[in-house]
Amino acid sequence: MIEIDARHQPYEVTDLDAGSLLGFLAEDRVVELKMVRKKLRLAYQWAIMHPPTPDKPKAVVGDETLFPTDCEDRISGDGTPDVALFAVEELAASGGMSRGAGFALVADALDLVHRLPQLWAKVEALEVPGWNARRVALLTRKLSYEAARWFDDRLAATGLSGWPTIEKWLAMAIAKFHPDLVKDRSAPKGKADWGVWLHHPHAGHEEGAGGVAGASELQAVGDSLDLTRFMDLLSAEAETMRRLGDTDDVNQRRAKAIGRLTDDTDQPTLDYTNADSATGGDSSTDVTDGSDSTGIGTGGTGTSSTVAAVGGEPVLGNPVLVEPGIGVKPGRLVTTPGPFGRRRGLRVMAHVNLADLFALGLDPHELGLDGDGIASTDRLGQVLTSQLRDWITRHGSLATVTPVVDVNRTDAVDRHDPPEWMDTLVRLRDPHCVYPNCERSSWDADLDHIDPYQPPGEGGPPGQTRPENLAPLCRRHHLMKTHGRWRYRRARDGTYIWTSQHGRTWLVTPQGTHDTTESH
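Before going into details, it helps to say that this report is about the structure given with it. Keep in mind that what you see is a predicted model, and the values were worked out from it rather than measured. (Residues numbered from 1 in each chain as written. Predicted model: local features only at pLDDT ≥ 70, side-chain atom pairs only at ≥ 80, totals over all residues. Heavy atoms only, no water.)

## So, the overall build of the protein
Then, number 1: The helix and strand inventory of the protein stands at 14 helices and 17 strands.
Then, number 2: Looking at the 520 residues of the protein, the share that counts as buried comes to 36%.
Then, number 3: For the protein, the proportion of contacts with a sequence separation of at least 24, taken over those separated by at least 6, is 58%.
Then, number 4: If you sum the accessible surface of the protein, you get close to 30100 Å²; carbon and sulfur atoms cover 54% of it. (Helix = DSSP H or I, 4+ residues; strand = E, 2+ residues; numbered from the N terminus. Buried < 20%, exposed > 50% of the residue type's maximum accessible area, 1.4 Å probe, protein only. Contact = heavy atoms within 4.5 Å. Areas by Shrake-Rupley, 256 points an atom, 1.4 Å probe, with all protein chains shown as cover.)

## So, helix 8 (residues 224-243)
Then, number 1: Taking 1.5 Å of rise per residue, 20 residues should cover 28 Å, and helix 8 covers 28 Å from first to last C-alpha, within 8% of that figure.
Then, number 2: Buried within helix 8 are the following residues: Leu-234, Ala-236, Glu-237, Ala-238, Thr-240 and Met-241.
Then, number 3: Of the residues trailing helix 8, Gly-245 is marked for its positive phi of about 110°. (Expected span 1.5 Å × (residues − 1).)

## Digging into a nonpolar patch on the surface
Then, number 1: Taken together, Val-196, Leu-198, Leu-218, Phe-230 and Ile-258 make up a surface patch of nonpolar side chains, about 470 Å² in accessible area.
Then, number 2: As for its position among the elements, Leu-218 is in strand 4 (residues 217-221). (Patch = residues over 30% accessible without salt bridge, like charges linked within 9 Å, V, L, I, M, F, W, Y side chains within 5 Å. Salt bridge = Lys/Arg side-chain N within 4 Å of Asp/Glu carboxyl O.)

## Brief notes about the environment of Arg-489
Then, number 1: For Arg-489, the position within the fold is in strand 14 (residues 487-490).
Then, number 2: In this structure, the C-alpha to C-alpha distance between Arg-489 and Thr-499, residues 10 residues apart in sequence, is 9.0 Å.
Then, number 3: Non-local contacts of Arg-489, meaning those with residues more than four positions away in its chain, are made with Ile-450, Thr-495, Tyr-496 and Ile-497.

## Section: the packing of aromatic side chains
Then, number 1: For the structure on display, the rule yields nine aromatic pairs.
Then, number 2: Taking the centre distance of 5.4 Å and the plane angle of 50° together, the rings of Tyr-435 and Trp-486 count as tilted. Of this pair, Tyr-435 sits in the loop between helix 13 (420-429) and strand 12 (446-449) while Trp-486 sits in the loop between helix 14 (475-483) and strand 14; the two residues are 51 residues apart in sequence, bridging distant segments of the chain. The exposure classification of Tyr-435 matches that of Trp-486, with both residues buried.
Then, number 3: Look at Tyr-488 and Trp-498: their rings are 4.3 Å apart centre to centre, the planes differ by 5°, and that puts the pair in the stacked class. Within this pair, whereas Tyr-488 is found in strand 14, its partner Trp-498 is found in strand 15 (residues 496-499), the two being separated by 10 residues in sequence.
Then, number 4: Judged by relative accessible area, which is 7%, Tyr-488 ranks as buried. (Phe/Tyr/Trp six-rings, centres within 6.5 Å; stacked < 30°, edge-to-face > 60°.)

## Quick word on the side chain of Asp-108
Then, number 1: Looking at the secondary structure, you find Asp-108 in helix 3 (residues 99-114).
Then, number 2: The residues contacting Asp-108, other than those within four sequence positions of it, are Leu-40, Arg-134, Ala-137, Leu-138 and Arg-141.

## Focus: the packing of helix 2 (residues 87-94) against helix 3
Then, number 1: Where helix 2 meets helix 3, the axes come as close as 8 Å, and the angle between the chain directions of the two elements is 105°. Relative to helix 3, the element helix 2 lies roughly perpendicular. Across the interface between the two elements, Val-88, Glu-89, Leu-91 and Ala-92 of helix 2 pack against Arg-99, Gly-102, Phe-103 and Val-106 of helix 3.
Then, number 2: Looking at side-chain class alone, the contact of helix 2 with helix 3 contains five nonpolar, one polar and two charged residues. (Axes fitted to C-alpha atoms, helices over the stretch in contact; angles between N-to-C directions. Parallel < 35°, antiparallel > 145°, perpendicular 65-115°, else oblique. Nonpolar A, V, L, I, M, F, W, Y, C, P; charged D, E, K, R; others polar.)

Below you can see the structure in the form of C-alpha cells.
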C-alpha cells in the first residue's frame, strides 16, 4: 500500500514502524484541517462573486421557486450577503456534491465570515476544525445577527471551543435575544408543532441502510385524545392478532395493525358483538355507552358480556373466531380517484422480471425459484417479491398491472406533452433526474425537451416530442437549465453530457456522475 506524505513523497504503509505511523497520522490531521479551511474559503469567494442581479434574484432554500418572495427562507443567516439564483448548483457539481450539500457549504462559509468572525479566525489559524465550526454555524443560523455576534464574542472571551462551552453560550444567547424560542422540554407541544411525517429510508443511500428496503418510519404529533384513541385502536387490533395466533411482540403487532386498517381483504376477526349467534343463547347487556370490550366505539347500544371460546364452552371475556367480515373490524381508509382518474397518495412503481411476476401469484418454490426475488421500486428502493406479493394481496384494489413498455420505441408526436406511453417510457429509462449528482426520482420530476420545444405554428419542426428528446429533470434543475444558461445533450448510449455556463462538463451515467472537464 503506497501513500504520499505532506512533502509529496511516497511511502509503503506496511514498512512503517509505530513512531512513523503516528507521525503520519498527526501530519495528516493538519492536512485535513487545511483542506476543510480551503473548501470554506473557496465557497465564500464563490458566493461573493455571484451576488443577485435584476435578472438573477437571490437563491433560497425552496427548490421550485424562480422568483422568490420575502416569505422564502434565505440560505444563510441574518446579516450575510445574498447569493444569485443557480450559482450554488455549479459549485456543488464541481465539488461532486448534491445541491443540498453545496447550499450547506456556502451557508456555513457566509455565516462564519459575517456572523462568527472570531470563530472563523480560529479556523483560519487551524485552532478549531472547520467541521466543528460548520456545526456551530448551523446551530446559530436561526439567531439574529446581533445574537450571533454576541455569542461569538462571549465564546471568544472564554478562550475555549469545546462543545460544553459552545452549548452553554448558545443557550444563553437564545434566552437573551430570543426568549420565545426557549421551551420547557417537559411542557406539552402546541398546535404549531403538530404534523405527520413519513420517512422512506432509501436502501444503500444512508447510514445503516440495508440492501433491501420496504420498512419506513412514521411520526405524528397532534391532539392527545386523537392520538390516544388511535393508539388504543392499534393496541386492540394487536390483541386481536395475538388471540388469532400471531406470535410477534406487541410493538410489531401494532405496526402490522396499521396495515390491517388499510387492508382491502377480508380477514379473520374476533367477534365481540355477535355472541348471541355464536353461542345460541341470550346475553345480558352491561355496556351502554356505545363502546365494545376493546374500547372502540361500535355505535350500538350495548355489547355481550359472555362470548364463546373457539371450539369450547362459553367463557367470560374471550372472543369468538368468526368468518371474515363478521365482528369488530378496523376502519377502512377509502381512497377515491383524484383528477385524471389517478388515486391520491403515494404511487409506487415496481419493476419485476417475468419469473418474479409469476412468483407474485404462485409459490416461488413451485417455479423452481430459491426463496425470494428482488423487485425494484421507484420510491422505496429494493423490496423482496414476497413483500410486494403481500402488498398486492392486502391492497389489491389499489394495485394496477401495467403492460411492459417497449423502451426501444421511437415514435414522435407533434405536440408539447408526451402521450402516457412515452411519459412512462422516459421515466422507466431514466429512474432519476439526469442533472449531475441528482437522485430525485423521475416520477417526481418534469419531462424536459432537451432541444427546446417550439410550437409548430411558430416554425417548429415536426417530431420534437419523442423519447430521444425527453429527459426527467426535477423542478429546480429544470428551472436552472431553462434560465441558468446550462445545456445538455443525450448521447447514443443513453448517457448525458452537461455543460455549465463556465464551460465545465459532466458525464451522467446510470452508475453515477463523472467530471469530464479536464478531458475536453
